[in-house]
Amino acid sequence: MKKLKIFLMSAAMVCTLGFASCINDLDVEPIDPNITLPEDVLNTEAAFEQLLAKCYTGLAASGSSGQNGDCDLSGIDGGFSQYIRLLFVMQCLTTDEATCCWNDVGLPDMHNLSWNSTNTFVNGAYYRFYTQIGFCNEFIRKANETELTDEEFPSKGRLIAEARALRALTYFHVIDLFGNASFVNENSVVGANPGYISRADLFTFIENECKALLEGNDIPEAGQSEYARLDKSFVRMVLAKLYLNAEVYVGKAMWSECAAIAEQIMNDHPLHTTAVNADNTPYQELFMADNHQFFGGELIFLVPQEAIKLNSYGATNYLIRAAIGGDMDPAALGVGGGWGGLSLTANFSDKFDLELDNRAMFYTKYGKNIDDMYSFDSTDVAAKQTGYKSMKYSNMCSDGSKGNESDSGSVDTDFPLFRSADAFLMYAECVKRGAGDATKGLNALNAVRQRSGLAALTTYSLEGVLDERAREMWWECGRRTDLIRFGMFTSGYNWQWKGGEKDGADTDAFRAVMPIPASELNSNSNLKQNAGY
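Please read all numbers here as calculations on a predicted model, not as lab measurements. (Residues numbered from 1 in each chain as written. Predicted model: local features only at pLDDT ≥ 70, side-chain atom pairs only at ≥ 80, totals over all residues. Heavy atoms only, no water.)

Student: Break down the overall build of the protein for me, with residues and values.
Tutor: Regarding its fold elements, the protein presents 18 helices and ten strands. Scored against the burial criterion, the 533 residues of the protein give a buried share of 63%. Pairs at least 24 apart in sequence give 69% of the contacts found in the protein among residues at least 6 apart. Total accessible area computed for the protein in this model is approximately 18400 Å², and 46% of it derives from carbon and sulfur atoms. (Helix = DSSP H or I, 4+ residues; strand = E, 2+ residues; numbered from the N terminus. Buried < 20%, exposed > 50% of the residue type's maximum accessible area, 1.4 Å probe, protein only. Contact = heavy atoms within 4.5 Å. Areas by Shrake-Rupley, 256 points an atom, 1.4 Å probe, with all protein chains shown as cover.)

Next comes the structure, spelled out in structure tokens:
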């Protein structure tokens, strides 16, 4: 059974703490960096723990009440507004990893790479990120201001450090997706519009925060944290990803710095290579309803989902159900039904050896091509194919039993935000870019490959690393970033329906970053729109 102590606060307590969204109306209101709380509530360590819980649940749920209740954002459907679901739309639906046949306003534009500054999903991601940052800022502010003594609040240092680390994570998503953007922290002036920060300055802020947290003693060491709370490996993953993409963000390659951190993560978090149940593969078990058992091992950080008490229409509930429809059997994935939305492009599924690679967890009945982006299934595959479907995420447990499923249709499967396999592949990439040890790089790549059932290589290429990342990390919210780093996002590589063309087409280079929402620019003269929008 999962122990979600820090997460499972009552809705009544959330209301008592007075949390409100740091934005009001997605269409017209600016970001408010200041979330006010009644001072007399935060008078115990337990109250601060529950306040920090909102910083964690900001990643896991849309709001403080159920799947769609008391949503933190307005102007967007509560289900769509969940953090991981929006991150998936930004990072996966914009690439060869996924298409969605739903015709919600603005959604087809994401895969077509034709969004603009009023797109609901782009705006939703922007405001979700800054709402999350606002939660963290408010915690840090209130914890710093408290009059509680060290004896009354012994965990103060750790809780503040956790909030800073969670904020660094979200600012990483901001720098990656939006580049130049707003900046708010615990010292932001009450009532003032947020300031503007360049991508380079935001890079420095995230780097300095991560370094300070790693140098300090407030955050537990690798693998020493309670379930679903972060440790220093979480911070290292944020910093490693920042360095991995430094050439994109600030024009300066930092492969050696990335390799050093990735190697430490590899040492601290070995891959899960022996299945709990011989009927499963080790890889498969990482995405099942009891994947929390691998927390602290390969699974460095999980965004928890608990069907009865902590759930949403996003995260793994979305990744499981939106990929089920047509003739598929929902029970095979531990749920009672599907939403029939997400498919894989042929360009992506062709990267797998379907016979040998156990990561190719696909439903293949409808053919690999997507002849019609607005159809999920097909009654005549010879006439129309609609793409393979994902069966990667499952609400089945490793022992063959079904995970919990709420009456409203939520699941138990946690989302693996950080996995050490990512660090193994980072190291292999850094070696091919001139850093690290060549033998260790080859061994790291082969460790990932051999777990999947593929043969070890004696040599490998940089392009081979990108393909291995595609096979290993698919639907884990990183594909867009990888394609940009390899210069293959807007041009140089096309996939079905990219650019609105069936076979794919190049798009404008400026789409490597998202636009600042028009409503935000209209409300805050401190900001500048990203080039091209």
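Student: Before we move on, can you summarise the pattern of salt bridges with the specific residues and values?
Tutor: In total, this model carries 36 salt bridges according to the counting rule given. The closest approach of N and O atoms between arginine 164 and glutamate 209, which form a salt bridge, is 2.8 Å. Here the residue arginine 164 occupies a position in helix H6 (residues 156-177), and glutamate 209 occupies one in helix H7 (residues 199-215), the gap between them amounting to 45 residues. Residue aspartate 350 is joined to lysine 368 by a salt bridge in which the shortest nitrogen-to-oxygen separation is 3.0 Å. Of this pair, aspartate 350 sits in the loop between helix H13 (346-349) and strand E8 (362-363) while lysine 368 sits in the loop between E8 and strand E9 (389-390), and the two are 18 residues apart along the sequence. (Salt bridge = Lys/Arg side-chain N within 4 Å of Asp/Glu carboxyl O.)

Student: With reference to specific residues and values, describe the nonpolar core.
Tutor: Within the largest apolar cluster, 161 residues are counted, with the highest numbers of intra-cluster contacts made by Phe139, Tyr171, Phe234 and Trp475. Excluding residues within four positions of it along the chain, tyrosine 171 makes contact with Tyr130, Ile133, Ser182, Phe183, Val184, Leu202, Phe205 and Ile206. (Core = buried A, V, L, I, M, F, W, Y, C linked by side-chain atoms within 4.5 Å.)

Student: An account of the pairing of strand E6 (residues 299-303) is needed here, citing residue identities and associated values.
Tutor: Counting buried residues along E6, five of its five residues qualify, which places the element largely inside the surrounding structure. Where E6 meets strand E10 (residues 415-419), four bridges bridge the pair, whose relative direction is antiparallel. Its bridge partner lying in E10, leucine 299 is registered against arginine 419. (Pairing = 2+ DSSP bridges.)

Student: Give me the packing of helix H8 (residues 232-244) against helix H14 (residues 420-432): which residues, what numbers.
Tutor: H14 packs onto H8 with a crossing angle of 30° between their chain directions and a minimal axis gap of 11 Å. One element, H8, and the other, H14, form an angle in the roughly parallel class. The handedness of the crossing between H8 and H14 is left-handed. Judged by residue contacts, Met237, Ala240, Lys241 and Leu244 of H8 engage Asp422, Ala423, Met426, Glu429 and Cys430 from H14. The residue inventory of the contact of H8 with H14, partitioned by class, reads six nonpolar, no polar and three charged. (Axes fitted to C-alpha atoms, helices over the stretch in contact; angles between N-to-C directions. Parallel < 35°, antiparallel > 145°, perpendicular 65-115°, else oblique. Left-handed = near helix turned anticlockwise from the far one by under 90°. Nonpolar A, V, L, I, M, F, W, Y, C, P; charged D, E, K, R; others polar.)

Student: Explain the environment of phenylalanine 301 to me, using residue names and the numbers behind them.
Tutor: Along the polypeptide, phenylalanine 301 turns up in strand E6. Residue classification places phenylalanine 301 among the buried residues on the basis of a relative accessible area of 1%. Counting along the chain gives 114 residues from phenylalanine 301 to phenylalanine 415, while the straight-line C-alpha distance between them is 8.6 Å. The contact partners of phenylalanine 301, leaving out residues within four places of it in the chain, are Tyr56, Leu59, Ala228, Arg229, Leu230, Phe234, Phe295, Phe415, Pro416, Leu417 and Phe418.

Student: Explain the packing of aromatic side chains residue by residue, including any values.
Tutor: Within the structure shown, the criterion is met by 34 aromatic pairs. Ring geometry for phenylalanine 348 against tryptophan 474: centres 6.0 Å apart, planes inclined by 55°, an arrangement best described as tilted. Note that phenylalanine 348 is positioned in helix H13 and tryptophan 474 in the loop between helix H16 (462-473) and helix H17 (479-485), a separation of 126 residues in sequence. Taking the relative accessible area as the measure of exposure, phenylalanine 348 reaches 0% and is therefore buried. Of the aromatic side chains, those joined through ring pairs into one cluster are Tyr83, Tyr126, Tyr127, Phe129, Tyr130, Tyr171, Phe178, Phe183 and Phe205. One Lys or Arg, arginine 433, reaches over the ring of phenylalanine 486 and ends 4.7 Å from the middle of that ring. (Phe/Tyr/Trp six-rings, centres within 6.5 Å; stacked < 30°, edge-to-face > 60°. Lys NZ or Arg CZ within 6 Å of the ring centre and 35° of its normal.)

Student: Which residues make up the side chain of glutamate 468, and what are the values?
Tutor: Along the polypeptide, glutamate 468 turns up in helix H16. What makes glutamate 468 buried here is its relative accessible area of 1%. A distance of 2.7 Å separates polar atoms of two side chains, one belonging to glutamate 468 and the other to arginine 359. Non-local contacts of glutamate 468, meaning those with residues more than four positions away in its chain, are made with Arg359, Leu425, Leu445 and Arg449. (Polar contact = N/O pair within 3.5 Å; in protein donor to acceptor, adjacent residues only side chain to side chain.)

Student: Kindly report on the packing of H7 against H8, identifying the contributing residues and their values.
Tutor: Direction vectors running N to C along H7 and H8 enclose 150°, while the axes themselves pass 10 Å from each other. One way to sum up the angle between H7 and H8 is to call them roughly antiparallel. Judged by the twist between their axes, the crossing of H7 over H8 is left-handed. Side by side, H7 and H8 meet where Phe203, Ile206, Glu207, Cys210, Lys211, Leu213 and Leu214 of the first sit next to Lys232, Val235, Arg236, Val238, Leu239, Leu242 and Tyr243 of the second. Of the residues assigned to the contact of H7 with H8, the class counts are ten nonpolar, no polar and four charged.

Student: Got a sec to walk through helix H3 (residues 83-91)? Specific residues and values, please.
Tutor: Within H3, nine of the nine residues are buried, leaving the element largely enclosed by the surrounding structure. Sitting at the head of H3, glutamine 82 places a side-chain oxygen 3.0 Å from the backbone nitrogen of isoleucine 84.

Student: Tell me about H6, and name the residues and values.
Tutor: Under the 1.5 Å per step criterion, the end-to-end length of H6 is 32 Å for 22 residues, consistent within 8% with the ideal 32 Å. Within H6, 19 of the 22 residues are buried, leaving the element largely enclosed by the surrounding structure. Of the residues one or two after H6, glycine 179 is the one with positive phi, at around 70°. (Expected span 1.5 Å × (residues − 1).)

Student: Break down unusual backbone geometry for me, citing the residues and quoting the values.
Tutor: Notably, alanine 228 is not glycine yet its phi reads approximately 70°, a positive angle. One non-glycine residue with positive phi stands out, namely tryptophan 475, at about 60°. Positionally, tryptophan 475 belongs in the loop between H16 and H17.

Student: Provide a residue-level description of the side chain of asparagine 112, including the pertinent values.
Tutor: When you line up the elements, asparagine 112 lands in helix H4 (residues 108-112). Relative accessible area serves as the criterion here: at 13%, asparagine 112 is assigned to the buried category. Not counting the four nearest positions on each side in its chain, asparagine 112 is found in contact with Met373, Trp497, Lys498, Gly499, Gly500 and Thr507.

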